[in-house]
Amino acid sequence: MFRDTECAASGAEPTPAELRDLQARADALARDVIAMRERLSRQPGLPRGVRGALPGAVDDALAQAAQRIGGAAEKLARVRAAQGPGSCSAWWGLCPRCGPTLRTEDGRSWCTECGTGWGYDRSQGPCGEPATYLAMDAQGGTVVVCAAHGRHMQERLDGGLLLAIPLP
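Residues numbered from 1 in each chain as written. Predicted model: local features only at pLDDT ≥ 70, side-chain atom pairs only at ≥ 80, totals over all residues. Heavy atoms only, no water.

**Q** Can you help me understand the packing of helix α2 (residues 16-41) against helix α4 (residues 56-82) in this one?
**A** Packed helix pairs are characterised by how far apart their axes lie and by the angle those axes make with each other. Contact geometry for α2 and α4: axes closest at 8 Å, N-to-C directions at 170 degrees. One element, α2, and the other, α4, form an angle in the roughly antiparallel class. Once α2 is placed against α4, the crossing between them reads as left-handed. Contacts between α2 and α4 involve Pro-16, Leu-19, Arg-20, Leu-22, Gln-23, Ala-26, Asp-27, Leu-29, Ala-30, Val-33, Ile-34 and Arg-37 on the former and, on the latter, Gly-56, Val-58, Asp-59, Leu-62, Ala-63, Ala-66, Ile-69, Gly-70, Ala-72, Ala-73, Leu-76 and Ala-77. Of the residues that constitute the contact of α2 with α4, the class distribution is 17 nonpolar, three polar and four charged. (Axes fitted to C-alpha atoms, helices over the stretch in contact; angles between N-to-C directions. Helix = DSSP H or I, 4+ residues; strand = E, 2+ residues; numbered from the N terminus. Parallel < 35°, antiparallel > 145°, perpendicular 65-115°, else oblique. Left-handed = near helix turned anticlockwise from the far one by under 90°. Contact = heavy atoms within 4.5 Å. Nonpolar A, V, L, I, M, F, W, Y, C, P; charged D, E, K, R; others polar.)

**Q** It is not clear to me how the confidence of the model for the chain should be interpreted in this structure. Could you clarify?
**A** In low-pLDDT segments, the atomic positions of the prediction should not be examined closely. Confidence along the chain averages 86 in pLDDT terms, with 93% of residues attaining 70 or more. Note on residues 1-5: pLDDT is under 50 here. Beyond four places in sequence and across chains, it has six contacts. (pLDDT = per-residue confidence, 0-100.)

**Q** Is there a simple way to explain the nonpolar core in this structure?
**A** Soluble, globular proteins show a tendency: their nonpolar side chains are buried together. In this structure, Cys-88, Ala-90, Leu-94, Cys-127, Ala-135, Val-145, Cys-146, Ala-148, Met-153 and Leu-157 together form the largest nonpolar core, which totals ten residues. Cys-88 has contacts with Ala-82, Cys-127, Gly-128, Glu-129, Pro-130, Ala-131, Val-144, Val-145, Cys-146 and His-149, leaving out every residue within four places of it along the chain. (Core = buried A, V, L, I, M, F, W, Y, C linked by side-chain atoms within 4.5 Å. Buried < 20%, exposed > 50% of the residue type's maximum accessible area, 1.4 Å probe, protein only.)

**Q** Is there a simple way to think about the side chain of Ser-109 in this case?
**A** Turning to its location among the elements, Ser-109 is positioned in strand β2 (residues 108-111). Within the local environment of Ser-109, its side chain forms a polar contact with the backbone nitrogen of Arg-122, the two atoms lying 2.8 Å apart. In this structure Ser-109 touches Arg-103, Thr-104, Thr-116, Gly-117, Trp-118, Tyr-120, Asp-121, Arg-122 and Ser-123, once residues within four positions along its chain are discounted. (Polar contact = N/O pair within 3.5 Å; in protein donor to acceptor, adjacent residues only side chain to side chain.)

**Q** Help me understand the pattern of salt bridges in this model?
**A** Side-chain pairing between opposite charges can occur once the charged atoms of the two side chains come close. For the structure shown, the criterion picks out four salt bridges. Salt-bridge contacts for Arg-80 lead to Glu-13; the nearest nitrogen and oxygen are separated by 2.6 Å. With Arg-80 in helix α4 and Glu-13 in the loop between α1 (5-9) and α2, this pair connects stretches of sequence that are 67 residues apart. Among the residues examined, Glu-13 registers a relative accessible area of 44% and is labelled partly exposed. A salt bridge links Arg-25 to Asp-21, with the shortest nitrogen-to-oxygen separation between them at 3.2 Å. Highlighted residues: Arg-25 and Asp-21, both in helix α2, separated by four residues, approximately one helical turn. The class of Arg-25 is partly exposed, set by a relative accessible area of 32%. Since its relative accessible area comes to 18%, Asp-21 is described here as buried. (Salt bridge = Lys/Arg side-chain N within 4 Å of Asp/Glu carboxyl O.)

**Q** Where do I start with unusual backbone geometry in this structure?
**A** One non-glycine residue, Asp-106, lies in the positive phi region at around 50 degrees. Structurally, the position occupied by Asp-106 is in the loop between β1 (102-105) and β2. By relative accessible area, which is 73% here, Asp-106 ends up exposed.

**Q** For this particular structure, what's the right way to read the sheet that holds β1?
**A** Two orientations exist for strands paired in a sheet by backbone hydrogen bonds: parallel and antiparallel. Taken in spatial order, the three strands line up as β1-β2-β3 in an open sheet, and their pairing is antiparallel. Where the open sheet ends on each side, the last strands, each with one partner, are β1 and β3 (117-118). Judged from the four bridges that link them, β1 and β2 form a sheet pairing that is antiparallel. Note that in β2 the partner of Glu-105 across the bridge is Arg-108. (Pairing = 2+ DSSP bridges.)

**Q** How do you make sense of the pairing of β2 when you look at a structure like this?
**A** Looking along a regular strand, one sees side chains alternate from face to face of the sheet. Only one face of β2 is covered, namely the one carrying Ser-109 and Cys-111; the face carrying Arg-108 and Trp-110 has none of its residues buried. Hairpin connection from β1 to β2: two residues lie between these consecutive antiparallel strands, with Asp-106 at a positive phi of about 50 degrees. Two strands pair when backbone bridges link them, and β2 and β3 are joined in this way by two bridges, in the antiparallel orientation. In the sheet register, Ser-109 faces β3, and the bridge partner there is Trp-118. Connecting the antiparallel pair β2 and β3 is a turn made up of five residues, with Gly-115 showing a positive phi of about 85 degrees.

And the structure:
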């Protein structure tokens, strides 16, 4: 099932590669179901109920599952990439240029002010833009954020500080 059975059995977080492998297997299974349905349908000696025992909805459901698994792999890869050192760690999306002006529909986001678009839902998940500020709230909690999140937070940090991170 999984290439790294220790990883799968341990309950560790799945990797994008494991999800893509699962997607490929679901795609292959959908193709096998189509082939089997065609073979069954060409057997005149079988009762009609057997020849039609594999409706198209079966392979459609498998193809849809494969697509969703692929989407999960893409999202996981994007989250992991955005959590690298020096990246904004804010978990709400905004336009890097305009701020909190995003609209999201059908898994795609765009800025309602400048029109910039992204082929994924930017409103959920880590930002990932280069971090330029250290934000500290009144209780001393800190987070590194990008310029856009810093501008947005500056107006809301009641009793906190927003400190520019020196460039190397």
